[in-house]
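The primary structure of each chain is shown beneath.
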2 protein chains.
Amino acid sequence: MAEARFERRLPRMRRVINEVEFWFEYGSTYSYLTVTRISSLAEARGVEISWRPFLLMPILIERGMEKGPFLPYPDKLRYMWRDLERRARRHGLPYRRPSIYPPNTLLTARIGYLGQTEGWCAAFTQEAFRLHWTEDIMIGSDENISRSLACAGQDANRVLKLAQSDENKTGLRRQTERAKALGIFGSPTFVIGDELFWGDDRLDDALEFHL
Amino acid sequence: MAEARFERRLPRMRRVINEVEFWFEYGSTYSYLTVTRISSLAEARGVEISWRPFLLMPILIERGMEKGPFLPYPDKLRYMWRDLERRARRHGLPYRRPSIYPPNTLLTARIGYLGQTEGWCAAFTQEAFRLHWTEDIMIGSDENISRSLACAGQDANRVLKLAQSDENKTGLRRQTERAKALGIFGSPTFVIGDELFWGDDRLDDALEFHL
């Protein structure tokens with residue numbers, strides 16, 4: 001009897017303990033690897049993921065990185081593209097280098113934030129990244145947005161109106177401020193309590209971390 | 001008979017194909033993880049490692065990063081220390097945060113370069129990092145240098161004289177220029193032909209890469 005009670009309680013305990021916040025910027029290249037992998041990896045480990053879109057550029061601009069982490073450094077930029085392609089292959093993910101970098105991500109981030117508040121952020125985001133990274137349909141473009149919303153089962157007219165509302169804009173701005181307050185300086189970043197894990201190459205560490 | 005000949009030839013073929021250049025800066029924090037792990041991991045895979053000490057700061061200064069990759073950013077610096085400690089634990093490595101950062105690595109790099117030309121760079125470097133990262137005996141200090149040289153079976157008087165010679169200084173400078181020409185911008189970096197892998201978290205990728 002006692003054992004049966006314990007087993008019934010276990011799923012609820014695990015749900016509370018193993019929750020990982022997944023903070024990401026839509027223009028981040030390495031975040032493609034995470035957006036594509038995180039749901040299945042988390043499910044296999046019984047971890048719940050809270051999707052947290054934010055804007056990375058305001059944080060980078062405060063650090064004097066107006067052009068982002070790669071564009072000022074041709075060698076690092078070249079390395080990033082090669083490394084990304086190799087990592088995608090290593091993880092068995094489709095990969096086609098987008099023709100434009102970086103994309104304009106403001107509207108997509110606003111939509112993603114609305115999706116977070118309404119519960120369809122993951123579905124929208126996964127499709128947005130998939131179109132960008134496998135079909136060269138750029139994040140931020142009308143086609144990317146409309147197809148990603150359709151994939152998430154959302155009406156584009158309704159969503160675009162709400163996404164551009166003052167309330168939603170302020171919500172995304174506050175979320176970006178919270179990212180900064182947490183000490184986030186790159187994407188993807190995983191947050192568990194006070195612990196930060198930065199980079200797709202820390203996804204396993206984050207999912208296996210226990211407070 | 002044919003099979004026996006093939007087996008005799010195999011080690012030589014593997015040696016030619018699987019050689020990884022390991023480029024590192026003595027002041028690099030994450031390089032501790034690699035210096036400590038690389039020999040056994042490479043041996044298990046039949047990969048030969050060529051140790052290539054260089055000076056990272058001249059490369060970073062050209063990029064406008066006079067203070068290195070972490071010091072200008074308190075949040076990134078704090079994250080680095082926490083991440084490093086977690087990664088050391090994950091790899092089962094001893095770890096004690098050094099009281100001074102960054103160390104002055106010029107003399108140690110000159111000695112390491114001499115060791116490369118004479119064949120004792122790995123032994124010297126592993127002990128130098130071990131003392132720095134487990135006993136807080138700082139890289140660049142007299143004690144670190146003398147104990148690391150003793151560990152590598154080298155006479156300190158002889159080595160210090162040769163390490164400070166014009167020929168050896170020029171050799172290290174040229175090696176640093178070659179690092180830059182290869183597109184290296186951080187430590188550790190692994191080079192296989194034209195392929196670069198940056199970061200301790202790419203060590204497995206590098207060792208498993210085949211041209």
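Here is a short report on the structure shown in this document. (Residues numbered from 1 in each chain as written. Chains lettered and ligands numbered in written order. Predicted model: local features only at pLDDT ≥ 70, side-chain atom pairs only at ≥ 80, totals over all residues. Heavy atoms only, no water.)

### Topic: the overall build of chain A
What chain A contains, in helices and strands, is ten helices and four strands. A compact globule built from 211 residues would reach a C-alpha radius of gyration of about 17 Å, and chain A, at 18 Å, matches this within 12%. Projecting the C-alpha coordinates of chain A onto the three principal axes gives extents of approximately 60 × 40 × 35 Å. The burial tally for chain A puts 50% of its 211 residues in the buried class. For chain A, the exposed area adds up to about 10,500 Å²; of that, 51% sits on carbon and sulfur atoms. Looking at chain A, you have 31 positive and 29 negative side-chain charges, and the mean spots of the two groups are 1 Å apart. (Helix = DSSP H or I, 4+ residues; strand = E, 2+ residues; numbered from the N terminus. Rg over C-alpha atoms; globule rule 2.2 N^0.38 Å. Buried < 20%, exposed > 50% of the residue type's maximum accessible area, 1.4 Å probe, protein only. Areas by Shrake-Rupley, 256 points an atom, 1.4 Å probe, with all protein chains shown as cover. Lys, Arg positive; Asp, Glu negative; His and termini not counted. Charge placed at Lys NZ, Arg CZ, Asp CG, Glu CD.)

### Examining the sheet that holds strand β3 (residues 189-192) of chain A
Residues and elements named next belong to chain A. On the basis of which strands lie adjacent, the open sheet formed by four strands has the order β2-β1-β3-β4 and mixed pairing. With partners counted over all chains shown, the strands left at the sheet margins are β2 (48-53) and β4 (195-198), one partner each. Between one strand and the next, the sheet's axes are offset by a mean angle of 25°, whatever the strand orientation. Here strand β1 (residues 19-24) pairs with β2 via six bridges, running parallel. The residue bridging V20 from the neighbouring strand is I49, located in β2. (Pairing = 2+ DSSP bridges. Axes fitted to C-alpha atoms, helices over the stretch in contact; angles between N-to-C directions.)

### Some words on the sheet that holds strand β4 (residues 195-198) of chain B
As a general point, the strands of a sheet are linked pairwise by backbone hydrogen bonds and lie either parallel or antiparallel. All names here are of chain B. An order of β2-β1-β3-β4 is seen for the four strands of this open sheet, with the pairing classed as mixed. The sheet is open, and its two edges are formed by β2 (48-53) and β4, each paired on a single side. On average, each strand axis in the sheet is tilted by 25° relative to the strand beside it, whichever way the strands run. Across four bridges, the pairing between strand β3 (residues 189-192) and β4 is antiparallel. Directly across from V191, in β4, lies its bridge partner L196.

### Some thoughts on the interface of chain A and chain B
Residue-level contacts link 24 residues of chain A with 24 residues of chain B. Of the roughly 2,400 Å² buried between chain A and chain B on both sides combined, carbon and sulfur atoms contribute 41%. Summed over the three residues of chain A that lose the most area to chain B, namely R63(A), Y79(A) and R202(A), the buried surface amounts to 24% of that side. Summed over the shared surface of chain A and chain B, the result is 16 salt bridges. In this structure, R82(B) and E195(A) form a salt bridge, with 2.6 Å as the shortest nitrogen-oxygen distance. (Contact = heavy atoms within 4.5 Å. Buried area = accessible area lost by both parts, 1.4 Å probe. Salt bridge = Lys/Arg side-chain N within 4 Å of Asp/Glu carboxyl O.)

### Here we look at the environment of K76(A)
Note that K76(A) resides in helix α4 (residues 74-90). Taking the C-alpha atoms as reference, K76(A) lies 24 Å from T36(A); in sequence the two are 40 residues apart. Not counting chain neighbours up to four residues away, the residues in contact with K76(A) comprise P69(A), F70(A), R63(B), F185(B) and W198(B).

### Describing helix α7 (residues 142-151) of chain A
Residue and element names in this part refer to chain A. Listing the buried residues of α7 in full gives N144, I145, S148 and L149. What you see down the axis of α7 is that its buried residues fit within an arc of 120°, all on one side. In α7, those exposed residues whose orientation departs by more than 90 degrees from the buried face are D142 and A150. On its buried side, α7 packs onto α5 (106-118), α6 (121-134) and α8 (156-163). Trailing α7 by a residue or two, G153 shows a phi angle of about 75°, which is positive. (Arc of directions from axis to C-beta.)

### What to know about the side chain of E127(B)
Among the secondary structure elements, E127(B) is positioned in helix α6 (residues 121-134). On the basis of relative accessibility, which here comes to 12%, the residue E127(B) falls in the buried class.

### Details of the packing of α5(A) against α8(A)
Residue and element names in this part refer to chain A. Contact geometry of α5 with α8 gives a least axis separation of 9 Å together with a crossing angle of 100°. With respect to α8, the element α5 is oriented roughly perpendicular. Across from L107, R110, I111, L114 and E118 in α5, the residues of α8 making contact are R158, V159, L160, L162 and A163. A class-by-class count of the residues in the contact of α5 with α8 yields seven nonpolar, no polar and three charged. (Parallel < 35°, antiparallel > 145°, perpendicular 65-115°, else oblique. Nonpolar A, V, L, I, M, F, W, Y, C, P; charged D, E, K, R; others polar.)

### Quick notes on the environment of F24(A)
All names here are of chain A. As for its placement among the helices and strands, F24 is situated in strand β1. For the pair F24 and L77, spaced 53 residues apart in sequence, the C-alpha to C-alpha distance is 20 Å. The residues contacting F24, other than those within four sequence positions of it, are S31, W51, R52, P53, F54, C121, T125, F129 and S187.

### Regarding the pattern of salt bridges
Taken as a whole and assessed by the stated rule, the structure comprises 42 salt bridges over all chains. Among the ionic pairs, R63(B) bridges to D75(A), the shortest N-O distance being 2.7 Å. Linking R63(B) in the loop between α3 (57-62) and α4 (74-90) with D75(A) in helix α4, this pair reaches from one chain into another. The exposure class of R63(B) is buried, given its relative accessible area of 15%. Here R45(B) and E208(B) are joined by a salt bridge, their closest N and O atoms 2.9 Å apart. Of this pair, R45(B) sits in helix α2 (residues 31-45) while E208(B) sits in helix α10 (residues 203-208), and the two are 163 residues apart along the sequence.

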